[in-house]
Amino acid sequence: MPGGNEVEAKKSGRRSQLLAQLKAGKPAEAFVPPVNSPPQAANATPPVTAVGDTAYTVPPGKGSDPPAAPFISPRVEPEAPREENASVAEIVQHAALDSIFFSRHFFPKAYRQGSPGFHADIWNLLDDPLARYINIQVMRGGAKTTLLRTYMAKRIAYGLSRTILYIGSSEPKAKDSIEWIKNQIEWAKRPTHFAQTFGLRRGRIWQTDNMRVLHGPEQHVVALQAFGITGSIRGTNIDDHRPDLIVIDDVIKDDNAATVDQRRKISELILGAVKESLVPESEVPDAKMVIINTPQDFEDLSQLALKDPQFRSARFGCWTPETEDLPVELQESSWPERWSSDVLRKEKLAAISRNMLSTFAREMECRLITPETCAFRAEWVRYFGEGESEPEPPRHEMWVELVIDPVPPPSEIQIAKGLQGKDFEALSAVGRWRNKYYVLETIYNRGHQPNWTVATFFEMCNRWAPRKVIVEAIAYQATLAWLLREGMRRTGRFYPIEEFKDKRKKVDRISQGL
């Protein structure tokens, strides 16, 4: 039997080889524990199945002790085996490449709903061997803790971690996650399917804040420790091993980050002592520190890490990336199985009516808004009409104007990019009655041609009979005013048009007008 140092050298060398293979774009050898599954015929047709909403086929592999690793590029979505027909080795091999399959196969109770698209993006970050420091902002209810627990389980199963440090917002919260890992390895004093598949057993220490897992195939012990953010975290070193995985799970809360001093202490602790306790890259190339949080303040831990070039950062809110900047009625849920788009839209509109949009934006959209510094504050807006405290004003007594904020037609490049970043054109009917202003109707569009604007202009004029039409008249906007006059000449219906010319920035015009 080789000595302990020789065994450690071999394992460290294998990790370095894995990292080198991935950097070179070559297939990496998947970890496969010893199993006894029947061999498949060389010309056997891979069975097809469906997991979630995706169709899969069994990856190639011959024999069972151990089978050859499949050649699958990290950028290609791997095929999943049919679980009732696949051997243990095939499942283990595929789970190494597809973390969502790993999660749903081994922990179905935790993954009862379908996985959203942004979970795949999070797993791509977590599984990237070149990402040493990771900072992820996720909406409230986005399964942050579940993902981190599963990631710990995967690192344990495939022999990637020897010492794991789990930090929660409080010690009981962190203990809950260690307890979850315990239950996935042993339930009612019996090994689970997950533990049997990867050869995992309980170690001599089996507590909720400090536990050991025996890894049979790798012949090593995995140590896990749980701490609250206010606990004694510095200097973790277990059996001569510094942490090769540090998990910081949603540690920023209202009660521990309410003041500047509290936020500063947490940031200095995590980005200082805790970060420096991660094992050096020269010893464990794939060691990681993962921060996952819902941002709370412009200067909190997740926001500081967002600006740090050492961190790979990402943000995942409740809306799809394509619709998160659109008006609320056009926004689509990023996890429709959990929250439908209609439910989220109602929640956002309700938050606006309660003057709590900044809270919804922070908790669900992962966006920070400072109401105190806004030029136009949400509480200045009041709703009118049926069911509101403000009645609808009499139409015949109102002075109504139609205001047009036009944009040029889209260029070929903008159309090719799916109109990303293209401004909306808006037409608004605004009424004044007894020194109060009422937004009667707004219609907006983008990616359209000028004939849409002219048609919508006449439609709103018929509905509201404005006393005056205001059109911005700079560059293309001046052309639009001419088009409207030509349309009135053709139809014989005329409305006075006032061309608004102001070359100041729009934000300056709005704030100074208020």
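Placed above this text is the structure.
Residues numbered from 1 in each chain as written. Predicted model: local features only at pLDDT ≥ 70, side-chain atom pairs only at ≥ 80, totals over all residues. Heavy atoms only, no water.

> So what exactly am I meant to see when it comes to the pairing of strand 3 (residues 133-138) here?
The two faces of a sheet get side chains in turn, since along a regular strand they alternate between them. In terms of burial, strand 3 is largely enclosed, as six of its six residues are buried. Both strand 3 and strand 11 (residues 288-293) contribute to a ladder of five bridges, which runs parallel. The partner of Tyr 133 across the bridge, within strand 11, is Met 289. As judged from the six bridges shared by strand 3 and strand 12 (residues 311-316), these two strands associate in the parallel manner. Of the residues in strand 12, the one forming a bridge with Gln 137 is Arg 315. (Buried < 20%, exposed > 50% of the residue type's maximum accessible area, 1.4 Å probe, protein only. Helix = DSSP H or I, 4+ residues; strand = E, 2+ residues; numbered from the N terminus. Pairing = 2+ DSSP bridges.)

> Teacher, can you tell me more about empty space enclosed by the protein here?
Empty space left among the atoms is revealed by rolling a probe the size of a water molecule over them. Under the criterion given, the structure shown has one cavity of 30 Å³ or more. Computed from the structure, the largest cavity encloses a volume of approximately 50 Å³. Forming the boundary of the largest cavity are Arg 315, Gly 317, Cys 318, Trp 319, Glu 324, Asp 325, Glu 365 and Arg 367. Grouping the constituent residues of the lining of the largest cavity by class yields two nonpolar, one polar and five charged. (1 Å grid on protein atoms, 1.4 Å probe; cavity = no way out; pocket = protein on both sides within 12 Å on 5 of 7 lines; lining within 4 Å. Points joined across faces, edges and corners; volume = space filled by probe spheres on them. Nonpolar A, V, L, I, M, F, W, Y, C, P; charged D, E, K, R; others polar.)

> Just checking my understanding: could you explain the nonpolar core for this structure?
Generally speaking, soluble globular proteins have nonpolar side chains that are buried together. If you look at the biggest cluster of nonpolar residues, it comprises 59 residues, and the most contacted ones within it are Ile 136, Met 139, Ile 181, Phe 194, Phe 198, Val 213 and Leu 224. The leading source of residues in this core is helix 5 (residues 144-157), at seven residues. The residues contacting Ile 181, other than those within four sequence positions of it, are Arg 149, Met 152, Ala 153, Ile 156, Met 211 and Leu 224. Core analysis: the second largest hydrophobic core is formed by 24 residues, Ile 246, Ile 270, Val 279 and Val 284 among them. (Core = buried A, V, L, I, M, F, W, Y, C linked by side-chain atoms within 4.5 Å. Contact = heavy atoms within 4.5 Å.)

> Would you mind showing me how to read the side chain of Thr 453 here?
Relative to the helices and strands, Thr 453 resides in helix 13 (residues 450-464). Under the relative-accessibility criterion, Thr 453 is labelled buried at 0%. Within the structure, the side chain of Thr 453 is placed 2.3 Å from the side chain of Glu 425, a separation counted as a polar contact. (Polar contact = N/O pair within 3.5 Å; in protein donor to acceptor, adjacent residues only side chain to side chain.)

> Would you mind showing me how to read the state of the cysteines here?
Should the sulfur atoms of two cysteines be covalently bonded, the bond is a disulfide. Under the criterion given, the structure shown has zero disulfides. Unpaired in terms of disulfides, Cys 318 finds its nearest cysteine sulfur in Cys 366, a separation of 8.3 Å. Taking relative accessible area as the criterion, Cys 366 reaches 5% and is therefore assigned buried. (Disulfide = S-S within 2.5 Å.)

> Just checking my understanding: could you explain unusual backbone geometry for this structure?
Backbone geometry at Gln 219 places phi at a positive 55 degrees, although glycine is not the residue there. Tracing the backbone shows Gln 219 in the loop between strand 8 (210-215) and strand 9 (220-228). Using a relative accessible area of 64% as the deciding quantity, one classes Gln 219 as exposed. Although it is not a glycine, Asp 250 sits at a positive phi angle of roughly 50 degrees.

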